[in-house]
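# Working through the structure, step by step
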Amino acid sequence: MPVARSFFQKIPFIRITSLFLIGILLNHYLDFDLRRTGIVCTILISALIILWHNSNYSTLKIQNLLISAGIIISGVFYPAQVQERKLPSFPRKDYYLAEVCQKPAEKARSFQTILLINNNSLAKPEKVIAYFSKAKFDSTITTGEQLVLLTRPQEIRNSGNPFEFNYQSMMQRKDIWFSVYLAEGTYLKTGHRVNRLMYWAEQIRDNLISTLSSAPIKKEERSVVSALTLGYRAELEPETTDYFASTGAMHVLAVSGLHVGLIYFILGFVLSGIRKMKFGAFIFPALMIILLWSYALITGFSPSVQRATVMFTFIIFGNILRRPVNIYNSLTAAALVLILHHPAVLFEVGFQLSFLAVFGIVLVQPKLAGFIQVKNKFLKSAWDLLTVSIAAQLATFPLGLFYFNQFPNFFWLSNFFVIPGVTLIIWLTFAFFLCSPLPVIPVFIAKLIQWTTGSMLWILKSISDFPHAVSNGIVLGSLQLWIIYAILSSFLIYAFSKRKQWLFLGLIFLIFMQCNLLVINLELVNQKAIYVYNSRNTLIHLINGRTNYLVKNGLDNIPDSDLKMVQKVLDHLKLGQPQIIERNSTNGFQADDLMFKDSSIQFLNCSIKFSKQSNPEDQLPEIITLNVQEKDAYKKVPVSTTLFTGSSYFIGKQDLSIDFKTKLNGAYFLSLN
């Protein structure tokens, strides 16, 4: 494929990074014996040494294959340092010396922050997420403060309900494995402050946020401005976040390439006079790099900011060396640097979405923009904005469906307002901070910020209220995700190369996708299962094919949090709304697969019995016993399992005579197929 070969030859970093990523993914999904891998690596190196001075065509091809295999094996080896570490144990309450890593942020029931704790029992300091009780909370606690704690850290766990967001895994990627709850009297300030570069950067950000707080800007607008310009999202209300998510504008709330690019152009505009000075050709890029990295430091070094800052650093160095900068090289080189620094960043949702969005814009947007030649400047700007939105969405929508199970139908409309709005807000906020020591001017700028941000929020709220603004409940499996990207890649390569085999390959992947969906739907038609949700309320979901029942125990209204748990199961198993049954009033209920008795339920071949707990002071409502009558007489009968509702525990795989799946870290799942 001449086009493809030429494309990859011009961009060496995309080849190196891709091969390295293959190695990391192999390490992540497969078990490797590193000793054997090391032997293979040694053989490859030996073969390369033998063939190095032979320059005939066949030998060069073998050398290239060996080098490629070597890079893949390097990727397999590299994350070995990030293997699961041995966690410390915390058998009882103890005293800890702690450092406050972030300014505590107010939540609904507590103040939340991250602490770095240490005492003689720990091999090294441990990061924990801390929740301070609101009762007599010391509001003077800030970044860098040193505290003494009396507490017992608890390991962070998921609720365990099916298909829920994996909060535990997200925190572990940040190297946070434990949490602490600090009530009044369990913590005390020592009066000392810890000096670290990151704390110093956090304190600068805290001071800038305080400056914003003193301006005539409302709380909701101020929280959005803090997120857009300083990467501080702790004050954002869930409702505000929902407006951005449902309109496809969520990407602007995380400081990323868009924001760093705007800061890059603002700094270039402000410092442009330096270029004319003596040695300006060296002072200007040095200042640009220092200020960009200072901004990245203040915003907390999020992966997206790191990637963007590394990419712009490559661009600045390219300008110094007077060499043309290939955007694909810069992008993939930045990704490689970040992955080398922290391999787990590859599995972060933000990293994946922002990397693919930029790649999609760079690759697809010029082609889309070229379909229509627009001469009017205003219309051309609007057309460019539309094509940028479509290109970014084309590259990221499969991941959006995979992680969030929804698609914002009006993303193209919201970006017409969001991108210009964010650009103006960043410019105004930058000017506000520069003019803050002056009288009158900052107040005027703050009012402009309030009006601009308020207008943008009003537009997003209006768009989110449109009929069918969001398509919810779209579920993709990991295999389907890869197939969709294979289809997109095949069709894009065909669009660039005009080679028909890529079109045929894309059609083959499309047929494979249809077959996969057909098999999944056939399996779901025949599914038979019981879910006991990890909830304070007894909530049991009975599923027989497309028929499903939700059994509750006397609640007038099921809490929204429980309804969201149930909705995830409905979406993933492609079920309609369940028939909700009150267990204590089943008069007149009739069904072929479900029968109620005095204190039990008979569903298919499973009997579910309920009994009260012996300890009346225990808050857990009742004990549930599931007893399966096995149809096969040669197998063990019956199979019985007892569990406590509202409890989070793990039973472990058992040698049972039915297709039995245990609790998903908290919720209980039993397959009756």
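Structure first, text after, so check above.
The text that follows walks through the structure, step by step, so that each part is easy to find.

### Here we look at the packing of helix α12 (residues 327-341) against helix α13 (residues 349-369)
How two helices sit against one another is set out by the angle between their axes and by the gap between those axes. Running from N to C, α12 and α13 point in directions that differ by 170°, and their axes come no closer than 10 Å. By the angle between their axes, α12 is roughly antiparallel relative to α13. Judged by residue contacts, I327, Y328, L331, T332, A335, L338 and I339 of α12 engage F351, F355, V358, F359, V362 and L363 from α13. The residue makeup of the contact of α12 with α13, split by class, is 12 nonpolar, 1 polar and no charged.

### As for the pattern of salt bridges
Using the criterion set out here, one finds 9 salt bridges in the structure. E220 is the salt-bridge partner of K461, the closest N and O atoms lying 3.4 Å from each other. Separated by 241 residues along the polypeptide, K461 in helix α16 (residues 441-464) and E220 in helix α7 (residues 219-230) bring together distant segments of the chain. The partner of K552 in a salt bridge is E582, with the nearest N and O atoms 3.5 Å apart. Highlighted residues: K552 in strand β13 (residues 547-552) and E582 in strand β14 (residues 579-582), separated in sequence by 30 residues. For the pair K552 and E582, one class covers both residues: buried.

### Some thoughts on helix α19 (residues 560-572)
Look at α19: 18 Å from first C-alpha to last across 13 residues, which is about the 18 Å you get at 1.5 Å a residue. For α19, the complete set of buried residues consists of D562, M565, V566, V569 and L570. Each buried residue of α19 lies within a common arc of 140° when the element is viewed along its axis, so the set occupies one face. In α19, those exposed residues whose orientation departs by more than 90 degrees from the buried face are D560 and K564. Buried-residue contacts for α19 involve β11 (528-532), β12 (539-544) and β13. Directly after α19, the chain includes K574, whose backbone phi takes a positive value near 55°.

### Considering α13
A rise of 1.5 Å per residue sets the reference length of α13, with its 21 residues, at 30 Å; its end C-alpha atoms lie 28 Å apart and thus fit the reference within 8%. Bending of α13 peaks at approximately 35° at the position of L363, with proline P366 no more than four residues after it.

### With respect to the environment of T586
Within the secondary structure, T586 sits in the loop between β14 and β15 (594-596). Separated by 11 residues in sequence, T586 and K597 place their C-alpha atoms 9.3 Å apart. When neighbours within four sequence positions are excluded, T586 is seen to be in contact with I581 and F596.

### Observations regarding the packing of aromatic side chains
One pass over the structure, following the stated rule, counts 14 aromatic pairs. Relative to F411, the ring of F407 has its centre 5.9 Å away and its plane inclined at 75°; by these criteria the two rings are edge-to-face. Taking relative accessible area as the criterion, F411 reaches 9% and is therefore assigned buried. Ring pairs connect the aromatic residues F111, F132, F137 and Y187, which therefore count as one cluster. Taking NZ or CZ as reference, K134 lies 5.9 Å from the ring centre of F111, over its face.

Procedures and definitions
- Residues numbered from 1 in each chain as written.
- Predicted model: local features only at pLDDT ≥ 70, side-chain atom pairs only at ≥ 80, totals over all residues.
- Heavy atoms only, no water.
- Axes fitted to C-alpha atoms, helices over the stretch in contact; angles between N-to-C directions.
- Helix = DSSP H or I, 4+ residues; strand = E, 2+ residues; numbered from the N terminus.
- Parallel < 35°, antiparallel > 145°, perpendicular 65-115°, else oblique.
- Contact = heavy atoms within 4.5 Å.
- Nonpolar A, V, L, I, M, F, W, Y, C, P; charged D, E, K, R; others polar.
- Salt bridge = Lys/Arg side-chain N within 4 Å of Asp/Glu carboxyl O.
- Buried < 20%, exposed > 50% of the residue type's maximum accessible area, 1.4 Å probe, protein only.
- Expected span 1.5 Å × (residues − 1).
- Arc of directions from axis to C-beta.
- Bend = angle between axes of the 7 residues up to and from the residue.
- Phe/Tyr/Trp six-rings, centres within 6.5 Å; stacked < 30°, edge-to-face > 60°.
- Lys NZ or Arg CZ within 6 Å of the ring centre and 35° of its normal.

Keep in mind that these numbers describe shape and distance, not what the molecule does.
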